[in-house]
Amino acid sequence: MRLALCGGGTGGHVYPALTIAAALERELPPGERLEPLYLGSPEGTEAELVERADIPLRPVSSGPIRGRNPWELTRNAARMAKGVAQARKALSEFRADVVLSTGGYTSFPIALAARSRGTPITIYLPDVYPGWAVRAIANLARRIAVTAPETLRKLPTGKAILTGYPVREEFSQVSRAAGRQRLGLDPEEKVLFVAGASQGAHSINQAIANNLRSLLELCEVVHVSGRADEEWLAGLAKDLPDELRSRYHLFGYLHKEFPWAMAAADLALCRAGASVLGELPALGLPAILVPYPYAGAHQRLNARHLADNDAAVILEDSDLGSMLPLVGGLLHDAARLDAMSQASRRLARPEAARNIARLIVELAGS
């Protein structure tokens, strides 16, 4: 089967596509093999993750439309038109059987190209709320897999199916004890896991820096800062007393170790990108979610989904100054953390990747 993948910009869109592709390889009939091709940006997180997965990438031009000024709209419309031509050429030369899209503005020209040549499209929507690209191509798709039940009513009737968020297989292989051993953490100490988006979150990093000594007196901190802020945070850590410096574990970026770092934690403090909808429940990790304030309603609704199910609490970006007492209160409330953990695990859908893969097999067969 020749599968064209697209969706991007952030790990929350790219990781599900790669996870579904890996599951699809296991679901194919005996003797049939998967030939994947990724269509998207040759730069940034998207290109790095696709290269790690050893999947060839063909560049497709695109650009955001929402919230742009007239000059940018004109330029990005031209890039979209170019992207349609690039995608059509790539799909034809690759002879794609199916296109899998996980959203993002790059998916729009690819969906148009797929429709023009009759290639069936499956969409997987990671976020609770469908973005403009997914809403625009929903009528072009044959099937739409979604993460949360409340999403079903926002999409065309009869096409959408609830599958859950497909997390990487590594999330089913990790454990608290092994994660702590791999990262050099105390087996019994409280651990806070902090992460922003794929590139980090400066406001969260700043809040951690402002409260670092007090936080380290409460717990050990595993901080995935993003590469942009790593250097100055490392400089700040050098000024800590020895007994506190050993409790601060700073990483600009984590890939293979990321699931282990999350598994080692008692509590997460993070943005509310799409990945939290799958990764936190997979590990039963309670969380303080800080929705990115400039991402439309997507992160807020993702956070609300987990909070409404008692698996997380929401902290506004503008209220990060009150982060320390909230973290301290939760870490010292074992009963509440346990209840949040159990609530989070109830949201897990470990068969998500497999179920989406089966949708694609059915679509290709039809």
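Before reading further, recall that the structure is shown in the block above.
Below or above, wherever it landed, is the structure these notes cover. (Residues numbered from 1 in each chain as written. Predicted model: local features only at pLDDT ≥ 70, side-chain atom pairs only at ≥ 80, totals over all residues. Heavy atoms only, no water.)

1. Focus on the packing of aromatic side chains
Alright, step 1. Counted under the stated rule, the structure contains three aromatic pairs.
Alright, step 2. Pairing Tyr 124 with Tyr 165 gives two aromatic rings, centres 6.1 Å apart and planes at 75°, and the pair type is edge-to-face. Pair noted here: Tyr 124 is in strand β5 (residues 121–125) and Tyr 165 is in the loop between β7 (160–162) and α6 (176–183), with a separation of 41 residues, a long-range link.
Alright, step 3. A relative accessible area of 0% places Tyr 124 in the buried class.
Alright, step 4. The aromatic ring of Tyr 15 is capped on one face by Arg 168, whose charged end is 4.2 Å from the ring centroid. (Phe/Tyr/Trp six-rings, centres within 6.5 Å; stacked < 30°, edge-to-face > 60°. Helix = DSSP H or I, 4+ residues; strand = E, 2+ residues; numbered from the N terminus. Buried < 20%, exposed > 50% of the residue type's maximum accessible area, 1.4 Å probe, protein only. Lys NZ or Arg CZ within 6 Å of the ring centre and 35° of its normal.)

2. Regarding the state of the cysteines
Alright, step 1. For the structure on display, the rule yields zero disulfides.
Alright, step 2. Distance from the sulfur of Cys 270, which forms no disulfide, to the nearest cysteine sulfur (Cys 219) is 14 Å. (Disulfide = S-S within 2.5 Å.)

3. A look at the sheet that holds strand β13 (residues 312–314)
Alright, step 1. Taken in spatial order, the six strands of this open sheet run β10-β9-β8-β11-β12-β13, and their pairing is parallel. Each edge of the open sheet carries a strand with a single partner, namely β10 (248–251) and β13. Across the sheet, the axes of successive neighbouring strands diverge by a mean angle of 15°, strand direction being ignored.
Alright, step 2. Pairing geometry for strand β9 (residues 220–224) and β10, over four bridges, is parallel. (Pairing = 2+ DSSP bridges. Axes fitted to C-alpha atoms, helices over the stretch in contact; angles between N-to-C directions.)

4. Examining the environment of Leu 289
Alright, step 1. Looking at the secondary structure, you find Leu 289 in strand β12 (residues 287–289).
Alright, step 2. As for Leu 289 and Ile 314, which are separated by 25 residues in sequence, their C-alpha atoms are 4.9 Å apart.

5. Observations concerning unusual backbone geometry
Alright, step 1. Look at Asp 54: it is not a glycine, yet its phi comes out positive at around 60°.
Alright, step 2. Positionally, Asp 54 belongs in the loop between α2 (44–52) and β3 (57–59).
Alright, step 3. Despite not being glycine, Asp 310 shows a phi value in the positive range, around 65°.
Alright, step 4. Judged by relative accessible area, Asp 310 falls into the exposed class, the value being 54%.

6. A few points about the sheet that holds strand β1 (residues 2–6)
Alright, step 1. Strands sit in the order β3-β2-β1-β4-β5-β6-β7 across an open sheet of seven strands; the sheet is parallel. A single partner strand is all that each edge strand has here, and the edge strands are β3 and β7. Recorded for the sheet is a direction-independent mean angle of 25° between the axes of neighbouring strands.
Alright, step 2. Across three bridges, the pairing between strand β4 (residues 98–101) and β5 is parallel. In the sheet register, Ser 101 faces β5, and the bridge partner there is Ile 123.

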